Amino acid sequence: MDAAGIYDILVIGGGINGCGIARDAAGRGYSVFLAEMNDLASGTSSWSTKLIHGGLRYLEHYEFRLVREALMEREVLWSNAPHIIWPMRFVLPHHEGLRPAWLLRLGLFLYDHIGGRKLLPATKTLDMRRDPAGEPLKPLYSRAFEYSDCWVNDARLVVLNARDAADHGAVIRTRSRVASAQRTGEHWQAVVENRRTGTKETVRARLIVNAAGPWVDDVLASTLGRNDVHNVRLVQGSHIVVAKKFDDPRAYFFQNRDGRIIFAIPYEEEYTLIGTTDRDYDGEPGDVAISEAEIDYLCEAASEYFAEPVRREDIVWTYSGVRPLFDDGASKAQEATRDYVLRSEGGEGKAPLLNIFGGKITTYRRLAEAMLEKIEGFLGRKGKPWTMSAPLPGGDFPVIGFEEQVSRFRGEHPFLGAAHARRLVRLYGTKAARVVGLAKSTAELGRHFGADLYEAEVRYLMANEWAVTADDVLWRRTKRGLRVGGEEAAALEEFMRGAASREEAAAAE
Ligand SMILES: Cc1cc2nc3c(=O)[nH]c(=O)nc-3n(C[C@H](O)[C@H](O)[C@H](O)COP(=O)(O)OP(=O)(O)OC[C@H]3O[C@@H](n4cnc5c(N)ncnc54)[C@H](O)[C@@H]3O)c2cc1C
């Protein structure tokens, strides 16, 4: 903020795009204020399939620019965050009567060669009668292709970008809705409402980035007072989580008879994640929930392949999100472009507004760089692009050094169980030691909330990662929610409320 109390940039939205832009901009020396109306990653960014991928299917829609950029990002992001991103092999069975084998091979040849692959292994053909990947499937599938992409803990990717933005000086405000924003000549004057306390503050900025994801048109209409806005097409996608269907570390890529595809992915050690769907959505994005028809669709599509069918009663959790796709007029939801579009207006005396339509988690860093180019055009250049080789918090260890990191951490904290230690390194990387602090025994980690979740971790998340409610901890910072029961969650909520008010009281003294 400058001496007159004006920020360079006000970012609306704490999803992957807002946090990625805030990080890049703060690191270049711009002053940044980011407002998120709920929790970080509470929008689309924690409801994805969690793949850092080129998007094999997008080749069919000739989205070569997007696929190439996304493929190139896989190894960049993996090396910047090897704790929360890791390589995964995908098994794509050939299905008689669907895409021919030559087409799959051609697509995978392009996939292997257009995206600067260095560490990720290339595609190979599998004989499913011999390969263990064939075991959980029906014997109909004798041939498959195995290719590489990466897996990401999506919600943590968002939070780590926010953390790094804050470490570079950005102000990150959660539970803070930008209720209105008006131009006062060369500046914006925004009213930011704290949704927990009801208090309002005025934030002044030279430029606004509207990174509100599925709410991007709402922000244009209700916050900025525009009429007749229709830039994004909201497309719902849902997932189901079932008890582990297979032991293999590889994921499956299944083709469906309707031309769509679904994934079945090893998830949180004991589960399989199956998704996704694609259907137009016209409700409030925050209210989206899986429909009965989507549950049936996913169970049927997966049961076409697995020898042991996927039944409704196997489902332990479901989640749904809304893709904010740029409306390119495609007739089917699955055909709408997955590429991003950045539109700017203002300048020459009129405070600039930059909007984001569409985008993937995979391409968030490149999107931020493209956005920074536009920002520089309005505010003048500060620093150079820097995020390509800058580790995210906790990711400062060698890209293939995860196991070594776990061994070292275990050696330093022998009282932690193997699974617990591994989980902490997966979530926090080199910062896992800070989560544990000076504790020398499990008892010293403080109160236990179930499933390896102790007070020390909760306090770390409250102090460093903007966690305020039990849901923030259980479903976004960790996925302990899959294992923690209702009573434990209620106890955690109460504990966090008490801890927050004790801290407020101490700060007021
Ligand atoms: C089912 C599904 C599967 C997907 N799978 C993948 C995948 O495997 N790989 C991949 O790369 N991508 C995937 N995506 C796409 C990816 O998840 C999204 O493109 C991305 O998360 C969008 O991020 P965002 O920051 O634009 O939006 P969001 O994450 O929705 O963030 C926008 C934020 O703005 C906030 N906000 C809105 N209005 C205001 C306001 N007035 N004031 C303050 N805050 C406000 C919201 O609360 C929200 O948190 C998937 C998407 C879906 C739905």
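Because the structure is predicted, anything quoted here is derived from the model rather than measured.

(A) Here's a closer look at the UniProt feature "domain: FAD dependent oxidoreductase" (unreviewed entry) in the protein chain. Under the present numbering, the feature "domain: FAD dependent oxidoreductase" (unreviewed entry) in UniProt falls on residues 8-362. Span residues 8-362 is 21% helix and 35% strand, its end C-alpha atoms 27 Å apart.

(B) Examining unusual backbone geometry more closely. Geometrically, the link from G275 to T276 is a cis peptide bond, its omega value of 20° lying close to zero. Look at R175: it is not a glycine, yet its phi comes out positive at around 50°. Residue placement: R175 occurs in the loop between β7 (171-173) and β8 (176-184). Residue classification places R175 among the partly exposed residues on the basis of 19 C-beta atoms within 10 Å. In the Ramachandran plot, A451 falls in the positive-phi region, its phi being about 50° despite a non-glycine side chain. Structurally, the position occupied by A451 is in the loop between α10 (432-436) and α11 (455-464). By C-beta crowding, A451 is classed as partly exposed, having 17 other C-beta atoms within 10 Å.

(C) Highlighting the site of the ligand. Around the ligand, the surrounding shell holds 39 residues, and the nearest of these are G13, G15, G43, G213 and G237. For the shell around the ligand, the elements supplying multiple residues, two or more each, are α1 (16-27), β8, α5 (216-223) and β16 (315-326). Element by element, the count of residues in the shell around the ligand is highest for β16, at 4 residues. A class-by-class count of the residues in the shell around the ligand yields 15 nonpolar, 19 polar and 5 charged. Viewed by domain, the shell around the ligand spans two of them, domain 1 (6-44 + 155-231 + 338-389) and domain 2 (82-152 + 233-327), each represented by three or more residues.

(D) Representation of the packing of α1 against helix α7 (residues 364-379) within the structure. Viewed as axis vectors pointing N to C, α1 and α7 meet at an angle of 55°, and their least axial separation amounts to 9 Å. With respect to each other, α1 and α7 are oriented oblique. When the axes of α1 and α7 are compared, the crossing they make is right-handed. In contact with I16, N17, G20, I21, D24 and A25 of α1, α7 contributes Y364, R365, L367, A368, E369, M371, L372 and I375. In the contact of α1 with α7, the residues fall into 9 nonpolar, 2 polar and 3 charged.

(E) Focus on the environment of V288. With respect to the secondary-structure elements, V288 resides in the loop between β15 (279-280) and α6 (292-303). Here V288 falls in the buried class, since 20 other C-beta atoms lie within 10 Å of it. Measuring from C-alpha to C-alpha, the distance between V288 and P214 comes to 11 Å, with 74 residues separating the pair along the chain. What V288 contacts, discounting residues up to four positions off in sequence, is Q236, Y281, G283, S320, G321 and V322.

(F) Looking closely at the domain arrangement of the protein chain. Partitioning the protein chain into structural domains gives domain 1 (6-44 + 155-231 + 338-389), domain 2 (82-152 + 233-327) and domain 3 (402-508). Its C-alpha centre places domain 1 at a distance of 32 Å from the equivalent point of domain 2. Contact with domain 1, which involves 15 residues of that partner, is made by 11 residues of domain 2. Residues that form the side of domain 1 that touches domain 2 fall into these classes: 7 nonpolar, 6 polar and 2 charged.

(G) Here's a closer look at α1. The terminal C-alpha atoms of α1, which comprises 12 residues, lie 16 Å apart, in line with the 16 Å expected from a rise of 1.5 Å per residue. The element α1 is extensively covered by neighbouring structure, given that 12 of its 12 residues are classed as buried. All of the buried residues in α1 are I16, N17, G18, C19, G20, I21, A22, R23, D24, A25, A26 and G27. On its buried face, α1 sits against β1 (6-12), β2 (32-35), α4 (154-167), β10 (200-210), β18 (350-357) and α7. Where α1 terminates, the next one or two residues include G29, which has phi positive at roughly 105°.

(H) The arrangement of the pairing of strand β9 (residues 187-194) in detail. Looking at chain direction, β8 and β9 are connected through 8 bridges and run antiparallel. Looking at β9, one finds that Q182 is bridged to Q189. What sits between β8 and β9 in their antiparallel hairpin is a turn of 2 residues, with G185 showing a positive phi close to 65°. Relative to β10, β9 runs antiparallel, the two sharing 6 bridges. Across the sheet, the residue bridging to W188 is A205, located in β10. Once β9 ends, the chain turns through 5 residues before running back antiparallel as β10, passing G198 with a positive phi of about 80°.

(I) How the structure looks around the nonpolar core. I9, L10, A22 and V32 are the most contacted members of the largest nonpolar core, which totals 143 residues. Beyond its immediate sequence surroundings of up to four residues, A22 is in contact with V11, V32, L34, A162, A165 and A170.

(J) Structural context of the UniProt feature "domain: Alpha-glycerophosphate oxidase C-terminal" (unreviewed entry) in the protein chain. As annotated by UniProt and renumbered to match this structure, "domain: Alpha-glycerophosphate oxidase C-terminal" (unreviewed entry) occupies residues 387-495. Annotated as 50% helix and 0% strand, the span residues 387-495 places its first and last C-alpha atoms 37 Å apart.

(K) The pairing of strand β4 (residues 85-93), seen in detail. In this structure, β4 lies alongside strand β6 (residues 143-152), joined through 9 bridges in antiparallel fashion. Bridged to V91 within β6 is E146. Where β4 lies against strand β12 (residues 251-255), 2 bridges are found, and the strand directions are parallel. Paired with F90 across the two strands is A251, which belongs to β12.

(L) Quick look at the environment of W86. Note on placement: W86 falls in strand β4. Residues W86 and W151, 65 residues apart in the sequence, show an inter-C-alpha distance of 5.4 Å. Setting aside residues up to four positions removed in sequence, W86 forms contacts with W78, C150, W151 and F402.

(M) Structural detail: the packing of α1 against α4. Two elements in contact, α1 and α4, have axes separated by 8 Å at closest approach and are oriented at 25°. With respect to each other, α1 and α4 are oriented roughly parallel. For the element pair α1 and α4, the recorded crossing hand is left-handed. Residue-level inspection shows I16, C19, G20, A22, R23 and A26 of α1 in contact with α4, the latter providing L157, V158, N161, A162, D164 and A165. Within the contact of α1 with α4, the residues separate by chemical class into 8 nonpolar, 2 polar and 2 charged.

Scoring rules and cut-offs
Residues numbered from 1 in each chain as written. Predicted model: local features only at pLDDT ≥ 70, side-chain atom pairs only at ≥ 80, totals over all residues. UniProt positions renumbered as here; feature names shortened; annotations may be inferred. Helix = DSSP H or I, 4+ residues; strand = E, 2+ residues; numbered from the N terminus. Buried ≥ 20, exposed ≤ 12 C-beta atoms within 10 Å, placed from the backbone. Near = placed C-beta within 6 Å. Nonpolar A, V, L, I, M, F, W, Y, C, P; charged D, E, K, R; others polar. Domains from an automatic or database assignment. Axes fitted to C-alpha atoms, helices over the stretch in contact; angles between N-to-C directions. Parallel < 35°, antiparallel > 145°, perpendicular 65-115°, else oblique. Left-handed = near helix turned anticlockwise from the far one by under 90°. Contact = placed C-beta atoms within 7 Å. Expected span 1.5 Å × (residues − 1). Pairing = 2+ DSSP bridges. Core = buried A, V, L, I, M, F, W, Y, C linked by C-beta atoms within 7 Å.

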